[in-house]
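Inside the fold
So the chains spell out like this:
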Amino acid sequence: MIPPSVHVHAGAAETGGAYVLAELLLPPGAVGPGGHDPEQRESLEVLCGRVALTVDGVERLLDAGEIVRLDAGRRRQWRNAGAGLARVLVEYRPARAAEALLAALIPTPEETLL
């Protein structure tokens, strides 16, 4: 199984804290970053695959080409709901702790051996 990967296109340092733009590659069933930040907006664009997005307890499926913008303060979680890899472009505004949240998705070498 391929572990999740994150490529940060624009980090907080580059944008003066205005935003973080990253691309995630998630294997089937892998969970993307979720949470609840009262001051941070999030945008998702599914580049390929299928993603299940749950916002405030309501799930909806997103397919390649779909874009969703979430207001600050919304409880959210998303995962790869397809049989193949999902590529998702995600933007967080303002940046706040988004890079640390994304880094937590990457398994440590010990976790990849399990």
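Details of the structure are given in the entry above.
Below is a summary of the structure that appears in this document. (Residues numbered from 1 in each chain as written. Predicted model: local features only at pLDDT ≥ 70, side-chain atom pairs only at ≥ 80, totals over all residues. Heavy atoms only, no water.)

Right, let's get into the overall build of the protein. Looking only at helices and strands, one finds 3 helices and 8 strands in the protein. Ordered by position in the sequence, the α and β elements of the protein form the string β-α-β-β-β-β-β-β-β-α-α. Rg of the C-alpha trace for the protein: 13 Å, near the compact-globule value of 13 Å for 114 residues, within the 12% margin. Its C-alpha atoms give the protein principal-axis dimensions of roughly 35 × 30 × 25 Å. Relative to its full complement of 114 residues, the protein shows a buried share of 32%. In the protein, once contacts between residues fewer than 6 apart in sequence are set aside, the share between residues at least 24 apart is 68%. Carbon together with sulfur atoms contributes 55% to the accessible area of the protein, which is approximately 6,200 Å² in total. Computed over 11 positive and 15 negative side-chain charges, the separation of the two mean positions in the protein equals 6 Å. (Helix = DSSP H or I, 4+ residues; strand = E, 2+ residues; numbered from the N terminus. Rg over C-alpha atoms; globule rule 2.2 N^0.38 Å. Buried < 20%, exposed > 50% of the residue type's maximum accessible area, 1.4 Å probe, protein only. Contact = heavy atoms within 4.5 Å. Areas by Shrake-Rupley, 256 points an atom, 1.4 Å probe, with all protein chains shown as cover. Lys, Arg positive; Asp, Glu negative; His and termini not counted. Charge placed at Lys NZ, Arg CZ, Asp CG, Glu CD.)

This part is about the sheet that holds strand S7 (residues 76-80). Spatially, 3 strands are ordered S5-S4-S7 in an open sheet, and the strand pairing comes out antiparallel. Across the chains shown, the open sheet's two edge strands, defined by having one partner strand only, are strand S5 (58-63) and S7. Neighbour-to-neighbour, the strand axes of this sheet turn through a mean angle of 20°, independent of strand direction. As defined by bridge partners, strand S4 (residues 50-55) adjoins S7 across 5 bridges and the pair is classed as antiparallel. Note on S7: the bridge partner recorded for Val55 is Arg76. (Pairing = 2+ DSSP bridges. Axes fitted to C-alpha atoms, helices over the stretch in contact; angles between N-to-C directions.)

Right, let's get into the nonpolar core. Leu24, Leu53, Trp78, Val90 and Leu102 are the most contacted members of the largest nonpolar core, which has 23 residues in total. Mapped by element, the contributors of at least two residues to this core are strand S2 (20-26), strand S3 (41-48), S4, strand S6 (67-70), strand S8 (86-93) and helix H2 (98-103). Ignoring anything within four residues of it in the chain, the contact list for Leu102 reads Val6, Val20, Ala22, Leu24, Pro33, Val90 and Tyr92. (Core = buried A, V, L, I, M, F, W, Y, C linked by side-chain atoms within 4.5 Å.)

Regular strands have side chains that alternate between both faces of the sheet. Where S3 and S8 come together, 7 bridges link them in antiparallel fashion. Bridging from a neighbouring strand, Ser43 pairs with Glu91 of S8. Note that S3 and S6 share 4 bridges and pair antiparallel. In the strand pairing of S6, Ser43 is matched with Arg69.

Attention shifts here to the pattern of salt bridges. Inspection of the entire model under this criterion finds 9 salt bridges. For Arg96, the salt bridge identified is with Glu39, shortest N-O distance 3.1 Å. Here Arg96 is found in the loop between S8 and H2, whereas its partner Glu39 is found in the loop between S2 and S3, with 57 residues between them in sequence. Judged by its relative accessible area of 46%, Arg96 is partly exposed. (Salt bridge = Lys/Arg side-chain N within 4 Å of Asp/Glu carboxyl O.)

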